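Survey of secondary and tertiary structure
Next come the chains, spelled out residue by residue.
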Amino acid sequence: QEVILKEAQMKNGLTSLKENMTRAEAYRKEYGVIKDLENMATGNNSKRLVFEQYVLSSYFEDILAAANIRFRHMTMDRYEMVRKAEVTDARTKDHLDITIVDYYTGKMRPVSTLSGGERFNASLSLALGMSDVIQAMNGGIKVDTLFVDEGFGSLDAESLEQACSTLMSL
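To keep things clear, this report deals only with the structure shown in the data block. For clarity, every value in this text was computed on a predicted model and none was experimentally measured. (Residues numbered from 1 in each chain as written. Predicted model: local features only at pLDDT ≥ 70, side-chain atom pairs only at ≥ 80, totals over all residues. Heavy atoms only, no water.)

1. Side note on the packing of helix α2 (residues 51-74) against helix α4 (residues 157-168)
Following both chains from N to C, one finds α2 and α4 inclined at 145 degrees, their axes separated by 9 Å at the closest point. When you trace α2 past α4, the crossing you get is right-handed. Mapping the contact onto sequence places R70, H73 and M74 in α2 and Q162, A163, S165 and T166 in α4. For the contact of α2 with α4, the class distribution of residues is 2 nonpolar, 4 polar and 1 charged. (Axes fitted to C-alpha atoms, helices over the stretch in contact; angles between N-to-C directions. Helix = DSSP H or I, 4+ residues; strand = E, 2+ residues; numbered from the N terminus. Left-handed = near helix turned anticlockwise from the far one by under 90°. Contact = heavy atoms within 4.5 Å. Nonpolar A, V, L, I, M, F, W, Y, C, P; charged D, E, K, R; others polar.)

Take a look at the structure:
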């Protein structure tokens, strides 16, 4: 009789263990989805891309496309700005760096290698590109204000002509 009682207790224990294991597996699956979402949102993924930066990089691509229309014109089709595809420092999660395509040399180069005038043209192009994207996203609301800094003094005659031509076309 004692053996029968122990056998019944063991069967009850085994049934309870199976039920608990089934519940634990369901919790693991549910937590796994939440953990995957958390990893995506915080940048704990292979690209180290935070969700916020993913969204910003999408807008940034649009801004670069709009900016490059003017930048290529200002540089007589020599340069184009592109978002860096890879992160150079694995400790950072920055996906909004720009690199320059130099069509004269056929190579990519850092923004820091641009001359002062070329940097000014890139900045102006980015500001105007951002304005274009914001305007397009807000149903065509026009922003009729333009702030220009003292960067025009760093331009050579040809670059100054191109920058002024771009501004006058607005």
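2. Observations concerning the sheet that holds strand β2 (residues 98-102)
One open sheet holds the 3 strands; their spatial order is β1-β2-β3, and the pairing between them is antiparallel. The two strands at the open ends of the sheet, each matched to only one other strand, are β1 (79-83) and β3 (107-110). Taking the axes of each pair of neighbouring strands and ignoring which way they run, one obtains an average angle of 35 degrees across the sheet. In terms of strand pairing, β2 meets β3 through 4 bridges, oriented antiparallel. Directly across from V101, in β3, lies its bridge partner M108. In this fold α2 packs onto β1 and β2, with an angle of close to 180 degrees to the strand it touches most, β1. Here helix α3 (residues 116-137) sits on the sheet in contact with β1, β2 and β3, set at roughly 60 degrees to β1. (Pairing = 2+ DSSP bridges.)

3. Things to note about the side chain of S125
By the secondary structure assignment, S125 is in helix α3. For S125, a relative accessible area of 0% corresponds to the buried category. Looking at S125, its side chain comes within polar contact range of the main-chain nitrogen of F71, at 3.3 Å. For S125, the contacting residues outside a window of four places in its chain are A67, R70, F71, M74 and M81. (Buried < 20%, exposed > 50% of the residue type's maximum accessible area, 1.4 Å probe, protein only. Polar contact = N/O pair within 3.5 Å; in protein donor to acceptor, adjacent residues only side chain to side chain.)

4. Considering the environment of Y79
Among the secondary structure elements, Y79 is positioned in strand β1. When the C-alpha atoms of Y79 and N68 are compared, they prove to be 8.4 Å apart, with 11 residues separating the residues in sequence. What Y79 contacts, discounting residues up to four positions off in sequence, is F71, R72, I100, V101, D102, Y103, R109, L114 and E118. Looking at Y79, its side chain comes within polar contact range of the side chain of E118, at 2.9 Å.

5. Re a nonpolar patch on the surface
Where nonpolar side chains cluster on the molecular surface, the patch consists of V33, L37, M40, F51, Y54, V55, L56, Y59 and M137 and spans about 840 Å² of accessible area. When contributions to the nonpolar patch are tallied by element, the ones reaching two or more residues are α1 (2-42) and α2. Turning to its location among the elements, M40 is positioned in helix α1. Residue classification places M40 among the partly exposed positions, given a relative accessible area of 40%. (Patch = residues over 30% accessible without salt bridge, like charges linked within 9 Å, V, L, I, M, F, W, Y side chains within 5 Å. Areas by Shrake-Rupley, 256 points an atom, 1.4 Å probe, with all protein chains shown as cover. Salt bridge = Lys/Arg side-chain N within 4 Å of Asp/Glu carboxyl O.)

Interpretation note: all reported values are geometric properties and have no functional meaning in isolation.
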